[in-house]
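# Fold and contact review
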Amino acid sequence: MIQIKLDLEPERQAPYAAALARLRDVEVTTGRGHALITTKVGESSLPTLLDQPEITPPELLSSLAGASIMPAHPWRFSPSIHPLEESRSSGQLGEAGLLRVHHWLIANTAPEHIAFSQVDLAHWFFGAPPTHTHGLSRANYLQVHLGFAKGGMALLDLATNRPGPDNYYSLHLIGSRGAAYSDDHRNAHLLFGEEGPRALIHQGNQLLAMQTMLTEFLAGIREKRPWSVRLQDTIDALATVKEVAHV
Amino acid sequence: MSETIYRALVLSVVKHSYLPDAVAAHPRFQLVAVADDPDRPAWTHEHNQLYAEQAGIPYLRDVATALKDCDLVVVSSEAERHCELAIRAAMAGKHLVVDKPLSPRLSECDALVRAVAENKVKCLVWNRNLLPALLDARAALQSGAIGSLQAIHCDFYFSKDAGPPKGSRGPDDPPINWLARQLEAHADGSDGGVGLEALGELQIEGIYPLAYIQMLAQSPVTRVFARTTTHFHQANADHEVDDLATVSLEIANGCVGSLCIGRIGAAAHPDIGEIKLHLLGSKGSLVISEARPEVAIYARNQPATEFKHRRVADENNYLLMQNFADALDHDRDTILNAQGARDIAATVQAALESARTGTAIATIS
């Protein structure tokens, strides 16, 4: 039984607790525990899942090389992303050529904030940070255009503070032997109400992503192996976002 | 009062015949002949002769003579000849229907724009702007449903092969002959840019999505950043032309845009390919699938090459020719005229330059 301490603000603690409740041989503790989930770094030698690593200064992250820390990159574990990466990494899609993302949020947050996760996906799929970057910024809007070695490319369309009731996400990954599509448009249901038809988009990804991410965190601890996400991944994604968004 | 039937001369028909077929299908137009220059290669004459026989019209190996007996020309030649043939027709006072792309060279596009203006003829460059999904997008935008347009994105992929895959050429094999490969493509459906000059996907098909963006944004592209690569096809690799590209667009009215385009291989999509528009407005957003409306048909022993989702209610060809008839009848402009197609060619040229240099490039206005 692995005991995990949650050192988080209440609004962040709830989804982690809900996801941990779905897993075997793990429990939340208020004591020291065997592992820690927190947004603070450098305060524990326990195996740590660093929540929201993108808000930690990159210089501080760089100083933590060798520490037992898995940065939380939940998008890598999303139900709509995980199968694509499995297909890519197994070679089914061939060599990755193009990643396209449309990500629109109703939340009034900075587009650079949501860029972190999508840029990280691009780095992940292409195996390294880009060789070329280009950004287009407008109010509540950021377009990220990346070029990778061997001709790979990513074009990310990111908008925040959007009108309407739902977020929207669309991703496709085109490889030399095939392509993968993960798309809210394709998956939308239709509701016919008094004000006319509207799309219904399933929003169940977050908890499942967290559950899968925690499974990887716990497996790394049990198997005494490096986690699949490294602090360097966070540092690289932050560097690319900084370059394209000029922040 | 009976309406004028416009007499159309087909100037070279060396690739797919969708263009003269569309003209012939409209009741306001009548094909009168196919014509080409006498010094064209034998395969050109064979294609022209075959189409003329199928259409029941003569094939004339004398463009100047043929131009005397028509109201308009339909240019369906190799891309590198589009402008030259169109300019000759414009100077003879003939209206123009020209296949896409207008030309791989911007200077030729500029010359055509001048010829069209000086001779006061109408020009329609072929496009897909009147597909049902595009009409829906335009109507939604014009109704104010999403407010003023802020960003527009197009994903445009043809899931077609184009000969052997990249990496399949042996060390002693010669490079694939571009023209021979394109001529073969008629047989297996992997058609691309017919002609002597190798063209990438951005140059061949880029006019379609860029025309969508031009029509919906109602403002010219001023600056681009692009990446291109040869990811799929050996013929493209041998001739150093792209089959996959991404383009960021800055538009004069302050909108931003982007384009992803590629000939991504038949295995990459169950139908002709994912083609979508994403529009962001001040009051809402719009996601449009260019293929819809469509119907789905699945059956035992269905041929692997048969699309299971088929477009329906597609009146693009008829509506384009109706648009052209209206332009001739009422001295109006066409939905994609020579200037508009020229501006798209300028965007493509800037994108290729950007991809080559790794920097953002201003379009030439």
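Residues numbered from 1 in each chain as written. Chains lettered and ligands numbered in written order. Predicted model: local features only at pLDDT ≥ 70, side-chain atom pairs only at ≥ 80, totals over all residues.

## A few points about the overall build of chain B
What counts, and what does not: Comment: elements are numbered from the N terminus, with helices defined as DSSP H or I runs of at least four residues and strands as E runs of at least two. As defined in this context, the radius of gyration uses C-alpha atoms, and a globule is described by 2.2 Å times the residue total to the power 0.38. Think of it as a crowd count around each C-beta: if 20 or more other C-beta atoms lie within 10 Å the residue is buried, if 12 or fewer it is exposed, and in between it is partly exposed, with C-beta placed from the backbone throughout. With C-beta atoms placed from the backbone, a contact is any residue pair whose C-beta atoms sit within 7 Å.
Secondary structure summary: chain B contains twelve helices and 15 strands in total. Against the globule reference of 21 Å for 365 residues, chain B gives a C-alpha radius of gyration of 20 Å, in line with a compact fold. Projected onto its principal axes, the C-alpha coordinates of chain B cover approximately 60 × 50 × 50 Å. Looking at chain B as a whole, 53% of its 365 residues are labelled buried. For chain B, long-range pairs separated by at least 24 residues make up 73% of all intrachain contacts whose partners lie at least 6 apart in sequence.

## What to know about the overall build of chain A
When helices and strands are tallied, chain A shows seven helices and 13 strands. Counting only C-alpha atoms, chain A reaches 50 × 50 × 40 Å along its principal axes. For chain A, with 247 residues in total, the buried portion stands at 44%.

## Here's the deal with the environment of Arg40(B)
All names here are of chain B. You can see Arg40 is positioned in the loop between strand E2 (29-35) and helix H2 (42-55). On the neighbour-count criterion, Arg40 (17 C-beta atoms within 10 Å) is partly exposed. Placed 28 residues apart in sequence, Arg40 and Ser12 show a C-alpha to C-alpha distance of 9.8 Å.

## Section: the packing of helix H5 (residues 106-119) of chain B against helix H12 (residues 338-357) of chain B
The angle between the axes and the distance between the axes are what describe a pair of packed helices. Residues and elements named next belong to chain B. Here is the rule we go by: Only C-alpha atoms enter the line fits that serve as axes; for helices the fit covers just the stretch in contact. Angles between N-to-C directions range over 0 to 180 degrees. The labels follow the angle: roughly parallel below 35 degrees, roughly antiparallel above 145, roughly perpendicular from 65 to 115, and oblique for the rest. Handedness of a crossing follows from how the near helix is turned relative to the far one, being left-handed for an anticlockwise turn of less than a right angle and right-handed for a clockwise one. Gly is put with the polar residues, along with every residue not named as nonpolar or charged; the nonpolar set is Ala, Val, Leu, Ile, Met, Phe, Trp, Tyr, Cys and Pro, and the charged set is Asp, Glu, Lys and Arg.
Between H5 and H12, the least distance of the axes is 9 Å, while the angle of their chain directions is 165°. The angle between H5 and H12 falls in the class roughly antiparallel. Here H5 and H12 pass one another in a crossing that is left-handed. Here H5 contributes Leu106, Cys109, Asp110, Leu112, Val113 and Val116 to the contact with H12, which in turn contributes Ala338, Gln339, Ala341, Arg342, Ala345, Ala346 and Gln349. Residues of the contact of H5 with H12, tallied by class, amount to nine nonpolar, two polar and two charged.

## Considering the nonpolar core
As a reminder, the rule being used: Nonpolar cores are built from buried Ala, Val, Leu, Ile, Met, Phe, Trp, Tyr and Cys residues. These are joined into a set through C-beta atoms within 7 Å.
Counting residues in each nonpolar core, the largest one holds 145 residues, and the members touching the most others are Ala115(A), Leu173(A), Ala8(B) and Leu96(B). Looking at this core element by element, the count peaks at ten residues for H12(B). What Leu96(B) contacts, discounting residues up to four positions off in sequence, is Leu72(B), Val73(B), Val75(B), Ala86(B), Ala89(B), Ala90(B), Val121(B) and Cys123(B). With 24 residues, the next largest nonpolar core counts Ala35(A), Leu61(A), Ile69(A) and Ala209(A) among its residues.

## Observations regarding the domain arrangement of chain A
All names here are of chain A. So the rule is basically this: A domain assignment, automatic or from a database, supplies the domain bounds used here.
Per the domain assignment, the segments of chain A are domain 1 (2-73 + 207-229) and domain 2 (77-202). Put simply, the middle of domain 1 and the middle of domain 2, counted by C-alpha atoms, are 25 Å apart. Considering only residue class, the side of domain 1 that touches domain 2 consists of three nonpolar, two polar and two charged.

## What about the domain arrangement of chain B?
Residue and element names in this part refer to chain B. Taken domain by domain, chain B holds domain 1 (6-121) and domain 2 (132-314 + 335-362). The distance between the C-alpha centroids of domain 1 and domain 2 comes to 25 Å. Across the boundary between the two partners, domain 1 contributes 18 residues, which contact 18 residues of domain 2. When residues of the side of domain 1 that touches domain 2 are assigned to their parent elements, the largest contribution, six residues, is made by H5.

## Here's the deal with the sheet that holds strand E9 (residues 153-159) of chain A
Residue and element names in this part refer to chain A. The test is simple: In this description, strands pair whenever DSSP reports at least two bridges between them.
The mixed open sheet is built from six strands, whose spatial order is E7-E8-E9-E6-E10-E11. Each of the sheet's edge strands pairs with one partner strand only, and the pair in question is strand E7 (132-138) and strand E11 (179-183). Here the average twist between neighbouring strands, direction ignored, is 5°. By the bridge criterion, eight bridges tie strand E6 (residues 96-104) to strand E10 (residues 168-175) in an arrangement that is antiparallel. Residue His103 lies in a different strand from E10, and its bridge partner there is Tyr169. The sheet contacts of helix H7 (residues 231-245) involve E7 and strand E8 (141-147), and relative to E7 the element is tilted by about 60°.

## Quick notes on the interface of chain B and chain A
Each partner contributes to the interface: chain B provides 32 residues, whereas chain A provides 30 residues. Of all the elements in the fold, those that place two or more residues in the side of chain B that touches chain A are strand E7 (149-158), strand E8 (221-229), strand E9 (244-251), strand E10 (256-263), strand E11 (275-281) and strand E12 (285-289) of chain B. Residues of the side of chain B that touches chain A, tallied by class, amount to twelve nonpolar, 14 polar and six charged.

## What to know about the pairing of E11(A)
All names here are of chain A. Two strands pair when backbone bridges link them, and E10 and E11 are joined in this way by five bridges, in the antiparallel orientation. Bridging from a neighbouring strand, His172 pairs with Tyr181 of E11. Between the antiparallel neighbours E10 and E11 lie three residues.

## As for helix H11 (residues 316-330) of chain B
Residues and elements named next belong to chain B. The line we're drawing: Given the number of residues in a helix, its expected span is that number minus one, multiplied by 1.5 Å. This arc is built from the directions going out from the helix axis to the C-beta atoms.
Its 15 residues give H11 an end-to-end C-alpha distance of 21 Å, which sits within 8% of 21 Å, the value for a rise of 1.5 Å per residue. Within H11, the full set of buried residues consists of Leu320, Met321 and Phe324. Down the axis of H11, the buried set is contained in an arc of 90°. They therefore lie on one face. Structural note: H11 exposes Asp329 and His330 on the side pointing more than 90 degrees away from its buried face. In this structure, the buried residues of H11 make contact with helix H1 (18-25), E2, strand E5 (95-98) and strand E6 (123-125). Just past H11, the residue Asp331 takes up positive phi, approximately 55°.

## Some details on unusual backbone geometry
Residues and elements named next belong to chain B. Of note, the amide linkage connecting Lys100 to Pro101 takes the cis form, showing an omega dihedral of -10°. Between Arg292 and Pro293 the backbone carries a cis peptide bond, its omega angle lying at 5°. Along the chain, the position of Pro293 falls in the loop between E12 and strand E13 (294-296). Positioned with a positive phi, Ala313 is a non-glycine residue whose angle comes to about 60°. By the secondary structure assignment, Ala313 is in the loop between strand E14 (309-311) and H11.

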